[in-house]
Amino acid sequence: MIPLDPSDRKPVGRTGEFVSAIGLGTWAIRDYRKALQAYLEAVRLGLDNIDTAEMYDNGGAERFVGELVRVVGRTSIFITTKLLPQRFRSRESTVKAARLSLERLGVREADLILIHWPDDLASIEEQARNLEALAEEGLSRYIGVSNFTLEELERARSSLKKHDIAVNQVKYSILDRTVEKEMLPYAIREGITIQAYTPLERGEVLKAGKVREIASKYGKTPIQIALNYLISRPRVVAIPKAEKVEHVREIAGALGWRLREEDLEALLEL
Ligand SMILES: NC(=O)c1ccc[n+]([C@@H]2O[C@H](COP(=O)([O-])OP(=O)(O)OC[C@H]3O[C@@H](n4cnc5c(N)ncnc54)[C@H](OP(=O)(O)O)[C@@H]3O)[C@@H](O)[C@H]2O)c1
């Protein structure tokens, strides 16, 4: 049994820092001009962590986050970005890629930099050591990984000297609960944050009958049920993407309340 977490602020690894249980992703933004209004609304509603990557729109998404930061102020959002796996083959290429990301973001230091997925040409140990260089050089306050298996995560952690992996960003939704088997219990035990990506299954969660049924029982929407399920788990932060203001408001409505245990269990039948 996974214990329940009623908190809307979640710890970032063991750093002592907290972010909102729901953040926002930035993959595949169609219209940056309109999107800015949605992301500003998100920050206003307390969604204070934004996920991006050098890969998204070839740096365009990072530049967009930079624009957002200029409007809301650096301390208003916690920025996660992800560098391509091949960068981590050497310390030099890792540092160079991070500097370019920071330039696009318009900040001196990221809050969190992740390896987007494990590279298959460098060893996990080498990648982890190059990732750690980013914290050593003051380019990122914290470090983490994405799409790492439990074995890769353990190997990465054991090759770090001074810093620990704060986050593993993985696919996790009410329709895909693979991480609940091993990864989530490990993360809870070890104090690692799970950033749940594609938490709405790009809208597919709207179609599940059980989700709709529970939504009407609570007077909430299926999107809110799908997100509330995830943030009910300790250590889990959901990062849906939304560039429409009304979508952002609906997402924010997943905070401030919790599904009852019997309904969480009913959702396990999906
Ligand atoms: N680490 C990785 O390998 C990895 C992989 C995939 C994604 N990610 C991260 O996770 C983020 C989220 O994942 P995702 O973009 O794949 O999928 P997602 O969040 O499951 O779905 C995004 C889609 O859902 C729509 N949506 C949002 N709110 C809605 C609402 N209230 N009602 C109806 N539809 C709504 C969005 O529409 P609008 O945009 O039109 O509002 C968008 O089309 C990404 O942006 C990215 O930052 C990371």
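None of the values given here were measured: they were computed from a predicted structure.

A. View of the overall build of the protein. A count of helices and strands for the protein gives ten helices and nine strands. Relative to its length of 270 residues, the protein is compact, with a C-alpha radius of gyration of 18 Å against a globular reference of 18 Å. Projected onto its principal axes, the C-alpha coordinates of the protein cover approximately 55 × 40 × 30 Å. Here the protein, with 270 residues, has 58% of them falling under the buried criterion. Long-range pairs, those at least 24 residues apart, make up 79% of the contacts in the protein with a sequence separation of at least 6. Total accessible area on the protein is roughly 11600 Å²; 49% of this is exposed by carbon and sulfur atoms.

B. Main features of the pattern of salt bridges. This model, assessed by the stated rule, comprises 29 salt bridges. Here Lys 10 ties to Asp 5 by a salt bridge, and the two come within 2.9 Å at their closest N and O atoms. Here Lys 10 matches Asp 5 in class, with each residue buried. With a shortest N-O distance of 2.6 Å, Lys 217 and Asp 263 are connected by a salt bridge.

C. Quick look at the site of the ligand. In the region of the ligand, 27 residues are neighbours, and Arg 30, Asp 51, Arg 202, Lys 241 and His 247 sit closest. Here an oxygen atom of the ligand and a side-chain polar atom of Asp 51 are 2.7 Å apart. The separation between an oxygen atom of the ligand and a polar main-chain atom of Leu 200 is 2.9 Å. Taking 910 Å² as the accessible area of the ligand by itself, protein coverage stands at 89%.

About the thresholds
Counting restarts for each chain, with residues numbered from 1 along the sequence as it is written. Given that the model is predicted, a residue must reach a pLDDT of at least 70 before its local features are reported, and side-chain atom pairs must reach 80 or more before they are shown or counted; all residues, however, enter totals for whole chains, interfaces and linings. Only hydrogens and water are set aside when side-chain values are computed; all heavy atoms of the structure are taken into account. Secondary structure counts use DSSP, requiring at least four H or I residues in a row for a helix and at least two E residues in a row for a strand, with both numbered from the N terminus. Every radius of gyration here is taken over C-alpha atoms, with the globule rule written as 2.2 Å times N^0.38, N being the number of residues. Relative accessible area decides the class of each residue, using a 1.4 Å probe on protein chains only: under 20% of the type maximum gives buried, over 50% gives exposed, and in between gives partly exposed. We call two residues in contact when some of their heavy atoms are within 4.5 Å. Method for areas: the Shrake-Rupley scheme with a 1.4 Å probe, in which residue coverage is limited to the protein chains shown. Any Lys or Arg side-chain nitrogen located within 4 Å of an Asp or Glu carboxyl oxygen qualifies as a salt bridge. Nearness is judged by heavy atoms alone; a residue qualifies as near a molecule or strand once a single heavy atom is within 4 Å of it. Nitrogen and oxygen atoms within 3.5 Å of one another constitute a polar contact, given that in protein one can donate a hydrogen and the other can accept it, and given that sequence-neighbouring residues count only through two side-chain atoms.

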